[in-house]
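Listed here are the chains, written in short residue letters.
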Amino acid sequence: ALARRLQSARSAALGRGLLPDDLPAPLYVRVRRAEEALARGGGEPSALAPEVAALEKELAALKVTRSLVEAKLRRVDALLKKRGGAAPQSLRDAAALALQEFMDGRYGEANRQLNAILGAH
């Protein structure tokens, strides 16, 4: 039951456009540790209940913000630079569109564009 709750919270975050790499590093580590502990079984699963509840709350509170999209723009920029001339023009065009959406303050749309780029590589 706890594993399902945690997976549901992660799925809800993903549904809001938040990729695992978007999570703050400490939260990402806590989620991974809880998932690993639940997958291992053993011990007393109910001991993880308070941590799962806290993680559910923290994942639910995450929003697509300017700083989150800005960090994702940097990741996409690094990806395109790494690919150099091998990056398809369609990815470069999508990145330019995402940057324009970001500059216009449409963070949700910029985030969707960036997620599509990150999913395409």
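Computed from a predicted structure; not experimentally measured. (Residues numbered from 1 in each chain as written. Predicted model: local features only at pLDDT ≥ 70, side-chain atom pairs only at ≥ 80, totals over all residues. Heavy atoms only, no water.)

Undergrad: Would you mind showing me how to read the nonpolar core here?
TA: Within soluble globular proteins, side chains that are nonpolar tend to cluster in buried spots. Core analysis: the largest hydrophobic core is formed by 30 residues, its most contacted members being Leu 6, Leu 27, Leu 59, Val 69, Val 76, Leu 114 and Ile 117. Contributing elements (two or more residues each) for this core: helix 1 (2-15), helix 2 (25-40), helix 3 (49-61), helix 4 (66-83), helix 5 (89-103) and helix 6 (107-120). When residues in this core are grouped by element, the largest group, 6 residues, is from helix 4. (Core = buried A, V, L, I, M, F, W, Y, C linked by side-chain atoms within 4.5 Å. Buried < 20%, exposed > 50% of the residue type's maximum accessible area, 1.4 Å probe, protein only. Helix = DSSP H or I, 4+ residues; strand = E, 2+ residues; numbered from the N terminus.)

Undergrad: What am I meant to see in helix 3 here?
TA: Three or four residues apart is the spacing at which side chains of an α-helix point the same way, because the helix has 3.6 residues per turn. With 13 residues, helix 3 ought to run about 18 Å at 1.5 Å a step, and its terminal C-alpha atoms sit 18 Å apart, in line with that. Within helix 3, burial applies to Val 52, Leu 55 and Leu 59. On an axial view of helix 3, the arc spanned by its buried residues comes to 60°, and they lie on one face. For helix 3, the exposed residues set more than 90 degrees away from the buried face come down to Pro 50, Lys 57 and Ala 61. The inward-facing, buried residues of helix 3 abut helix 1 and helix 2. (Expected span 1.5 Å × (residues − 1). Arc of directions from axis to C-beta. Contact = heavy atoms within 4.5 Å.)

Undergrad: Sorry if this is basic, but what is going on with helix 5 here?
TA: Between its terminal C-alpha atoms helix 5 stretches 21 Å, which fits the 21 Å expected from 15 residues at 1.5 Å a residue. Looking only at helix 5, the buried set comprises Leu 91, Ala 94, Ala 95, Ala 98, Glu 101 and Phe 102. Projected down its long axis, helix 5 carries its buried residues within an arc of 120°, all on one side. Residues Gln 89 and Met 103 are exposed on helix 5 and point more than 90 degrees away from its buried face. Positive backbone phi, approximately 80°, marks Gly 105, located one or two places after helix 5.

Undergrad: Where do I start with the pattern of salt bridges in this structure?
TA: When the charged atoms of two side chains lie near each other, side chains of opposite charge can form a pair. Per the stated rule, a full pass over the model turns up 12 salt bridges. Glu 35 is the partner of Arg 10 in a salt bridge, and the nearest nitrogen-oxygen pair spans 2.7 Å. One end of the pair, Arg 10, is in helix 1; the other, Glu 35, is in helix 2, with 25 residues separating them in the sequence. Here Arg 10 matches Glu 35 in class, with each residue buried. Shared partners join several salt bridges into a network, and the residues in it are Arg 10, Arg 32, Glu 35 and Glu 36. (Salt bridge = Lys/Arg side-chain N within 4 Å of Asp/Glu carboxyl O.)

Undergrad: Would you explain the packing of helix 4 against helix 5 in this entry?
TA: Axis angle and axis distance: for two packed helices, these are the angle between their axes and the distance between the axes, and together they describe the pair. Contact geometry of helix 4 with helix 5 gives a least axis separation of 11 Å together with a crossing angle of 160°. Relative to helix 5, the element helix 4 is oriented roughly antiparallel. For the crossing formed where helix 4 meets helix 5, the hand is left-handed. Judged by residue contacts, Arg 66, Val 69, Glu 70, Leu 73, Val 76, Leu 80 and Arg 83 of helix 4 engage Leu 91, Arg 92, Ala 95, Leu 99 and Phe 102 from helix 5. (Axes fitted to C-alpha atoms, helices over the stretch in contact; angles between N-to-C directions. Parallel < 35°, antiparallel > 145°, perpendicular 65-115°, else oblique. Left-handed = near helix turned anticlockwise from the far one by under 90°.)

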